[in-house]
Amino acid sequence: MSPNAGSPYLVFRVGGGRFGLAVDRVQGAARARQIVPLPGSPPEYAGVTFVRGEPLGVLDVARALGCGPTERDGERTGQFLVILEGERHALLVDRIESVEEISDEAGVLASPEGGNVREGAPGDGPALRIVTVEEVLGGGKR
Amino acid sequence: MKRAGRGFEALDRKDFLAEMDGLLEESRDAVALLGKAGGEAPAGSVNALFRAIHSVKGLSAMAGFSRLAGLAHDLEGLLDALRMGRIDHSTEVLEVVAAALEAIAGAAARIEAGEPDPQLPHGASERILRTVAAGRSGDAAAAGDAPRLPPDLDRMLTDYERHRLLECARRGRRLAFLTLELPLDSFDEGLRKAMDEVSRSGELVGTFPGGAGKDPSRMVFRLLGGFPADLPLDGVSSRAGASVVEVLEGGGREPEAPGAVPELPAFVPGRDGRPSFRPMGGTVRVPLEKLALLVNLTGELAFSRWALKRSLGKVLATATDRAARFEAQKAFADLDRTVTALGRAALATRFVPVEQLTARLSRVVGSMAPSLGKEVTFDVFGGETEIDKVLAEELTDPLLHIVRNALDHGIELPAEREAAGKPRAGRLTLVVETRGRSVAFTLADDGRGMEGERLVRRAREKGLLSPFEPDPVDPLDLVFLPGFSTAQTVSAISGRGVGLDVVRANLAKLKGDVRVTSTPGKGTTFEVQVPMTLVLVESLLVRAEGFFLALPTSGVRRAFRADPARVERRGESLVTEDEGEPLPLFSLAAHLGLGSPGKALDETVVVVEQGPLRAGFTVSSIEGMEDVIVKPLADVIPRSREVTGAAELPGGSLALTIDAGLLLSSALPRGAFAGGVR
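Everything quoted here is computed from the prediction, not taken from an experiment.

Explain the overall build of chain B here, please?
Within chain B, the regular secondary structure consists of 19 helices and 22 strands. Buried positions account for 46% of the 678 residues belonging to chain B. Considering only contacts in chain B between residues 6 or more positions apart, those separated by 24 or more positions represent 71%. Counting every atom, chain B has about 33600 Å² of accessible surface; 54% of that belongs to carbon and sulfur.

Sorry, what's going on with the nonpolar core here?
Phe12, Leu21, Val82 and Leu91 of chain A together with Leu549 and Phe617 of chain B are the most contacted members of the largest nonpolar core, which has 54 residues in total. Looking at this core, the element that brings in the most residues is helix H19 (residues 660-667) of chain B, giving four residues. If sequence neighbours within four positions are ignored, Leu549 of chain B has contacts with Leu540, Leu541, Val542, Ala544, Leu588, Leu592, Leu594, Leu656 and Ile658 of chain B. By size, the runner-up hydrophobic cluster in this structure holds 47 residues, among which are Val364, Val403, Leu455 and Leu500 of chain B.

I tried to follow the confidence of the model for chain B on my own but got confused; where do I start?
Detailed conclusions should not be drawn from predicted coordinates in areas where pLDDT is low. The predicted model of chain B has a mean per-residue pLDDT of 78, with 81% of residues at 70 or higher. Confidence scores differ between elements of chain B, with helix H1 (residues 6-10) of chain B showing the lowest mean pLDDT of 40 and helix H15 (residues 414-419) of chain B the highest of 94.

Help me out: how do you make sense of the side chain of Gln34 of chain A in this one?
Secondary-structure assignment places Gln34 of chain A in the loop between strand E3 (26-31) and strand E4 (45-51). Given a relative accessible area of 18%, Gln34 of chain A falls into the buried group.

Explain the sheet that holds strand E14 (residues 556-561) of chain B to me, please; I cannot follow it from the model alone.
What links the strands of a sheet is backbone hydrogen bonding, and the strands pair in either a parallel or an antiparallel sense. Residue and element names in this part refer to chain B. Pairing in this open sheet of six strands is mixed, and the strands run E14-E18-E19-E17-E16-E15 from one edge to the other. Single-partner strands in this sheet number two, and they are E14 and strand E15 (568-570). With direction set aside, neighbouring strand axes in the sheet form an average angle of 40 degrees. Both strand E17 (residues 581-587) and strand E19 (residues 613-619) contribute to a ladder of three bridges, which runs parallel. Each bridged residue has a counterpart across the sheet, and for Ser587 the counterpart in E19 is Thr618.

For this particular structure, what's the right way to read helix H13 (residues 354-371) of chain B?
Structurally, the α-helix is built with 3.6 residues per turn, so residues lying three or four positions apart point the same way. Residues and elements named next belong to chain B. Spanning 18 residues, H13 covers 26 Å between terminal C-alpha atoms, matching the ideal 26 Å at 1.5 Å per step. Listing the buried residues of H13 in full gives Val354, Leu357, Thr358, Arg360, Leu361, Arg363, Val364, Val365, Met368 and Ala369. Count one or two residues on from H13 and you reach Gly373, which has phi positive near 75 degrees.

Looking at this structure, how should I read the interface of chain B and chain A?
A common way to report how large an interface is uses the accessible area buried once the components associate. Taken together, the contact pairs 25 residues of chain B with 23 residues of chain A. When chain B packs against chain A, the two sides together hide about 2200 Å² of surface, and 69% of this comes from carbon and sulfur. At the boundary of chain B and chain A, one finds one salt bridge. With a shortest N-O distance of 3.6 Å, Glu54 of chain A and Lys631 of chain B are connected by a salt bridge.

I'm lost on the environment of Arg404 of chain B in this one. Help?
Mapped onto the fold, Arg404 of chain B is located in helix H14 (residues 389-410). Between the alpha carbons of Arg404 of chain B and Ala369 of chain B there is a distance of 9.1 Å; along the sequence they are 35 residues apart.

Quick notes on the rules
Residues numbered from 1 in each chain as written. Chains lettered and ligands numbered in written order. Predicted model: local features only at pLDDT ≥ 70, side-chain atom pairs only at ≥ 80, totals over all residues. Heavy atoms only, no water. Helix = DSSP H or I, 4+ residues; strand = E, 2+ residues; numbered from the N terminus. Buried < 20%, exposed > 50% of the residue type's maximum accessible area, 1.4 Å probe, protein only. Contact = heavy atoms within 4.5 Å. Areas by Shrake-Rupley, 256 points an atom, 1.4 Å probe, with all protein chains shown as cover. Core = buried A, V, L, I, M, F, W, Y, C linked by side-chain atoms within 4.5 Å. pLDDT = per-residue confidence, 0-100. Pairing = 2+ DSSP bridges. Axes fitted to C-alpha atoms, helices over the stretch in contact; angles between N-to-C directions. Expected span 1.5 Å × (residues − 1). Buried area = accessible area lost by both parts, 1.4 Å probe. Salt bridge = Lys/Arg side-chain N within 4 Å of Asp/Glu carboxyl O.

In structure tokens, the structure reads:
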């Protein structure tokens, strides 16, 4: 990494938005398989799934962050899980795009939805919104 | 101070102690069996003990613990004399063996504490050597005619096999060869089955290669067995799959009267002065992390199978080549069976029945009660519950401590009990049960119990409660204070004020707790509860609105098909009749908030019962019974409280596991429906 390379972020898409999550909070990513709804859980929770033999609560990022219609509104295929480091949760996203080094010098704008939007972040498509694990999980615990 | 040898640097201390712990466990099991055996020492138990001590010797020598290796060597000599009939199986001999095992266990504990080459109790080896020296020379069984063996097989016999052969003859057993011709590709399975059958019916003396058979695709083996004289050998032969049975001359003679073996003056070691046993390995120790990985990977494999099945279904739906379609389906069915079997086998490696743990407690009761001059019966209920091996290991010390405490302080001496109108023998009862996401161990004694006032007084005397502090709300909780003890004297077992605080601290590390209740004069109950890391629960699998749910069978009374004409509404509730009593009915899916509300009740009713609570829950279908691994859900995952965990099913589906007690208590609010309470 060059001195000005910035920090690595996992970039994923949910609905019409692009999001970045610091990779040091990510253990891995996997294609979502069986997710069983959990009785009594808030609507942001998609349910529970097993990842490497352990049950993880699955938080639907689209619902937690209120991202509007998602690419998942049709058949529930092609979804991915972002498995969080040290948490008993995984995040349900539509697509994993890449891991990008985002320069700390990129302009930071306040996003109307909360979080930070980095202008000049690499990749095509809409502006990248940087989110934190606490922000997403907080959305699920509202 | 002498450092442990170079070997120990290569051999991890943790591995050494784990291996030693397992060997001591095997040894104690074998001693317990020998203790129950009465007159004759069962050859299998003596051999198991000999093998374990042989391994203790090798392990200790490799790690550089020369004193320990020396003691194990002496003990091995004694066991060799026992199995070769040079000394008799007696209580005295077993006491010597048990004392030596305790010396080895004590040394292992000091190694764990960091001692480089621990000292052994004074005279430990001398007592063993004296016992061996008091035995006979030569082979006690050699008196009388030896059965005649074919010369080629005679040359193959080890000293031990020869001894067992002579011993069988001496006891009037019928000696016979069973010849097996087994297919090359599965001979191990057939051989194992035949060996088991011979061992079950009599004694397996030896297994020998049988030379070339007529059919090159088959292997020939000969098993030499000693059987009760009146046992029909054709039945044994048929069950073992043998093609030929040959009865040996010289076997089956009249058994010698007990004590007919002549006493000989002194012990003479075997030909080379060493035991003649050839070590055999029956188990392999594997680090738990590797087992966890194996279990998890098989879970992943089950999911991949599920994904493959889905994709294959789509592809085959449009495939026109019928032969290829059939082949693909057959290949998938084979894979399906193998993955299911692999999953079960992998899971089995992680679980142990609780009785492995309770057996240790039982042994402690058996050895400690007489040393305290007490008579105690120990009953265990629920020992078949299977829990994660890691949890079982972590729970051993806390439970051992509570058992020792009950024996030392709780249960009275026989005379004291009789004076109090109690039976001479005290009773210690352990109940193991799963409770939702936890496993509970309830250990109750019927001893003298504890008085709250006395505990408070003692705590004040010891300065654990200041004069200005009010009496605690629950005085019994004082027993968990560091340094607390009501014992008037310090014994080797307790009374040093070190213990129950450590028990609570150790349980806290497992996110568990211990509670105590007591009635003076009646007894004390300790209840240990710890969350399960993993637990294998026999469950009734049901489908409700498309969801798989697993109900522990311990909470299910029965299932039946409801007659809609006999379901009536009483107030807010639906009720049917079951076994002559009103049974409140609920839709399991609707009650849990799954599926569409307002849907008509299904007709399949599962009657869930716990204590006085009982209700029927309707489900779409019953899928069968399975032992499922329940993985508790983390507290941070929000859900209804009835959902305690999740389980991966052999077919790759997921099931939510439901706690029967919590399901009933949420469905039947107190007093809301009298029909749900028996």
